[in-house]
Amino acid sequence: MMNNYPHLLKPLDLGFTTIKNRVLMGSMHTGLEDRAKNYQKLATFFAKRAEGQVGLMVTGGIAPNIRAWTAPMSGFLKYKFQTKRHKLITNAVHQADGKICMQILHTGRYGYHPFIVSPSGLKSPITPFKPKILTAKGVEKQINSFVNTAQLAQSAGYDGVEIMGSEGYLINQFLVKKTNKRDDKWGSDYDNRTRFAKEIVERTRQAVGPEFIIIFRISMLDLVSQGSTWDEVVTLAKELERLGVTIINTGIGWHEARIPTIATCVPPGAFTWVTEKMRPHVNIPLITTNRINTPEIAEQILATNKIDMVSMARPLLADANFVKKSMHNQSSEINTCIGCNQACLDHVFKNKRATCLVNPLACYETDYIIKPTNQAKSCAVVGGGPAGMACAKTLAERGHNVTLYEGSEKLGGQFNLAANIPGKDEFFHTIRYFKTQFKKYNVNVQLNSKVNASNLVAYDEVIIATGVKPRELTLEGIDHEKVIVYNELISKQKVAGQKVAIIGAGGIGFDIAEFLSEDDSLHGTDKDVYANPEAFCNEWGIDMNIETEGGLIQANHAPSAREIYLLQRKPGKLGKGLAKTTGWIHRLALKKRGVINLAGCSYNKIDDQGLHITRDDKEEILEVDNIIICAGQVSVNALYEELKDKQSCHMIGGAEFAGELDAKRAIKQGVLLGAKI
Ligand code: NAP
Ligand code: SF4
């Protein structure tokens, strides 16, 4: 059988070793690196991905010493005794015929603790601690730490190391004028500013010998003011090649940059052009990265751009067997990463173990185990949203006989709504994934089926996943023709006019503001900022010629397609409760589009004039064409109440609890219940 991804699956010969395909599982902090007792879990996590045929993997960042910590008690490798725990990982990966490098990460001023150091002592805008200025002796110490850690990684059995030189971490802080104000041999001109990176690489290569992979992750595009110019990045890349780096990986944007680089709203493969620009300048393999989440996109990049590897981190959290499925042309069976960050990065920023919204088994491989059942039961799952789909799939995978009843004409529930929000169409991937799994495991899917208790008596187990419905408000004029509930709008049953007020500024209120502010005539055109990298770069102010320092130019946000008021009753900033790693993007995007935020509102009535509110003890009328209701949800659980005393019945997802409903909880509950019955 012809394979659809010949470039993706082609081995890469590094001379002293061969990587079996072009997939690098990029470094991702899981939280398991930080405790010795969790290394067996981490070993299983990587072994599963090695069994899934990933070519080369990179661990989450390991600090070379405690000053380099990301946060207190982060994983670090400084002493020989610490290699024992790493051997669990390397042995497990090698037994599965995989390859793995350890990332050495020195966070510099990005560390979240009081021992941090940096070239010039400037505090970062995203951490509360002021770093200590490194003395010349201190700089030498840090270099020696990198080298020592690389040697220990080698003795622990790793196939190589990745030296983290991007994302605004310590090496990057030495490289740019923004954070390096030194006037000794480690600062001022570019040659001096690159000395730290060059010394680390040169001395590491000397220490580990020629047959050990050294990946250097270079910041090709800083996306901060006073960042590197393209000429500087090229100069450094050439030097790194000369000094013995095996592979150059791409880093895009510092953590403090206010331009999205990996969120769902970033077009697929949006930064590949940056790596491609480097191609003529070095002869060693290049890895490109960011928003590559399907084998089709990866194949296209490798086939057309003369790039040697693609880095995917989150897609391999979402599906450990991504590569294996690609090898068997089973792309439609891949559980695709939807770029939401909700269970991976958002967890890491809260010091919680990372996992994946669409795959709650990720990083919990030894905690949650899906075993075949030894007593097949007949199961009815009522509701085809994320919770119901996840439960039906897990039950059927284990050998139960499953019927899934969905009241509407399609599967997906709230995901169907979410997927219609600009930049979120990847949510459709999850629905596609479940549909293929239902075929594979013979789930009997009954659409347009509104079941009642009498339809369910014959089943051994009933799972109620009937989800949520929008909260109904008691407000004078709520039945006025100007009122539209968010689901009617997204499903295009109703269309909003030019001036709108949105009641409720939670996740859905923000989504609706984005939906309404977007000019949908741009969909499918080369001006679509969610699909076209050039349009995206223009909107966010990224210089595709990288002639400016840091690659920043004037942003060019299109004004809102409508006049929009976004309202909440609480005082204070809107969108406070949005997720850590993506909330700022939503807030910034709406601000740039001119959406007006109103906090501390009380809603008085709706009439022909519009929405009457009181704010700061003053009455106002928002003379709008439509009022969109996004005031949260309530559970739909009547069927459970009817059944619970009569037969074995379970309730999951929004049906069980509508507050703070999100797909992460819904899918996890579905999978865990499916694993238990
Ligand atoms: P939500 O986040 O709970 O927000 C509900 C909004 O309605 C709040 O702004 C609340 O603010 C207001 N509200 C509540 N009761 C009200 C009432 N009786 N009258 C008027 N206003 C009222 O719910 P959601 O926006 O429906 O989102 C549901 C879930 O979907 C969220 O938990 C989130 O996890 C998920 N989601 C997330 C995103 C994202 O992160 N981008 C996007 C979509 C959905 P006040 O009480 O201050 O008025
Ligand atoms: Fe991707 Fe979301 Fe899973 Fe993170 S949580 S790996 S972004 S699907």
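What you see is a predicted model, and the numbers here were worked out from it, not measured in a lab. (Residues numbered from 1 in each chain as written. Chains lettered and ligands numbered in written order. Predicted model: local features only at pLDDT ≥ 70, side-chain atom pairs only at ≥ 80, totals over all residues. Heavy atoms only, no water.)

Let us look at the overall build of the chain. Counting its regular elements, the chain contains 21 helices and 27 strands. Summarising its shape, the C-alpha atoms of the chain cover approximately 75 × 65 × 45 Å along the three principal directions. Split into buried and exposed, the 677 residues of the chain put 61% on the buried side. Across the chain, the centroid of the 82 positively charged side chains sits 7 Å from that of the 70 negatively charged ones. (Helix = DSSP H or I, 4+ residues; strand = E, 2+ residues; numbered from the N terminus. Buried < 20%, exposed > 50% of the residue type's maximum accessible area, 1.4 Å probe, protein only. Lys, Arg positive; Asp, Glu negative; His and termini not counted. Charge placed at Lys NZ, Arg CZ, Asp CG, Glu CD.)

Below, the discussion takes up the packing of aromatic side chains. Under the defined criterion, the tally for this structure stands at 14 aromatic pairs. A centroid spacing of 6.4 Å and a plane angle of 80 degrees characterise the contact between Phe76 and Tyr79, whose relative ring orientation is edge-to-face. A residue is classified by how much of its surface remains accessible, and Phe76, at 18% relative accessible area, is buried. Seen from their ring centres, Tyr112 and Phe129 are 5.9 Å apart, and the 80 degrees between their planes marks the pair as edge-to-face. Placement of Tyr112 in the loop between strand 5 (100-104) and strand 6 (117-118) and of Phe129 in the loop between strand 6 and strand 7 (132-133) is noted, with a sequence separation of 17 residues between them. A residue is classified by how much of its surface remains accessible, and Phe129, at 26% relative accessible area, is partly exposed. Among the aromatic residues, ring-to-ring pairing joins Trp69, Phe76, Tyr79 and Phe81 into one connected group. Its guanidinium or amino end placed over the ring of Trp584, Arg258 lies 4.0 Å from that ring's centre, counting from NZ or CZ. The side chain of Arg353 reaches across the aromatic face of Tyr364, ending 4.0 Å from its centre. (Phe/Tyr/Trp six-rings, centres within 6.5 Å; stacked < 30°, edge-to-face > 60°. Lys NZ or Arg CZ within 6 Å of the ring centre and 35° of its normal.)

In terms of nonpolar packing, the biggest core is built from 153 residues, with Phe196 and Phe271 touching the most fellow members. The contact partners of Phe271, leaving out residues within four places of it in the chain, are Leu221, Ile252, Pro260, Thr261, Val266, Thr288, Thr289, Asn290, Phe536 and Ile542. Listed in part, the 23 residues of the second largest apolar core include Tyr486, Ala496, Phe515 and Ile628. (Core = buried A, V, L, I, M, F, W, Y, C linked by side-chain atoms within 4.5 Å. Contact = heavy atoms within 4.5 Å.)

With respect to the helices and strands, Pro119 occurs in the loop between strand 6 and strand 7. A C-alpha to C-alpha distance of 8.8 Å links Pro119 and Arg109, two positions 10 residues apart in sequence.

Following the sequence through the fold, Gly209 ends up in the loop between helix 6 (195-208) and strand 9 (213-221). Distance in space between the C-alpha atoms of Gly209 and Gln151 is 9.8 Å, their sequence separation being 58 residues.

Near ligand 2 you find Arg314, Leu317, Cys337, Ile338, Gly339, Cys340, Asn341, Ala343, Cys344, Cys356 and Leu357, and these make up its full shell. When its residues are assigned to classes, the shell around ligand 2 shows eight nonpolar, two polar and one charged. (Near = heavy atom within 4 Å. Nonpolar A, V, L, I, M, F, W, Y, C, P; charged D, E, K, R; others polar.)

Here we come to the domain arrangement of the chain. Once the domains are mapped, the chain shows domain 1 (12-349), domain 2 (378-470 + 635-676) and domain 3 (483-519 + 558-631). Between the C-alpha centres of domain 2 and domain 3 the distance comes to 30 Å. Of the residues lining the interface, seven residues belong to domain 2; the matching set on domain 3 comes to 10 residues. Between domain 2 and domain 3, the buried area comes to about 830 Å², and carbon and sulfur atoms account for 69% of it. Connecting domain 2 to domain 3 are one salt bridge. We note a salt bridge from Lys424 to Asp511, for which the minimum N-O separation is 2.9 Å. On inspection of domain 2 and its partner domain 3, the count reaches one residue pair in polar contact (both at pLDDT 80 or more). Split by residue class, the side of domain 2 that touches domain 3 holds four nonpolar, two polar and one charged. (Domains from an automatic or database assignment. Buried area = accessible area lost by both parts, 1.4 Å probe. Salt bridge = Lys/Arg side-chain N within 4 Å of Asp/Glu carboxyl O. Polar contact = N/O pair within 3.5 Å; in protein donor to acceptor, adjacent residues only side chain to side chain.)

Strand pairing within a sheet occurs via backbone hydrogen bonds; the two strands may be parallel or antiparallel. Strands sit in the order 3-4-5-8-9-10-11-12 around a closed barrel of eight strands; the barrel is parallel. Ignoring which end each strand starts from, the neighbouring axes of this sheet average 30 degrees apart. (Pairing = 2+ DSSP bridges. Axes fitted to C-alpha atoms, helices over the stretch in contact; angles between N-to-C directions.)

Turning next to unusual backbone geometry. Backbone geometry follows two general trends: most residues other than glycine have a negative phi, and most peptide bonds adopt the trans configuration. Positive phi is not limited to glycine here, since Gln53 has a value of about 75 degrees. Along the chain, Gln53 falls in the loop between helix 1 (39-51) and strand 4 (56-62). One non-glycine residue, Asn341, lies in the positive phi region at around 65 degrees. The topology assignment puts Asn341 in the loop between helix 11 (322-327) and helix 12 (345-349). Residue class for Asn341 comes out buried when judged on its relative accessible area of 2%.

This paragraph deals with the environment of Gly160. With respect to the helices, strands and loops of the structure, Gly160 is situated in strand 8 (residues 160-165). Put simply, Gly160 and Ala150 are 10 residues apart on the chain and 8.0 Å apart in space, counted from C-alpha to C-alpha. Sequence-distant contacts of Gly160, defined by excluding residues within four places in its chain, comprise Ile100, Cys101, Met102, Phe212 and Ile213.

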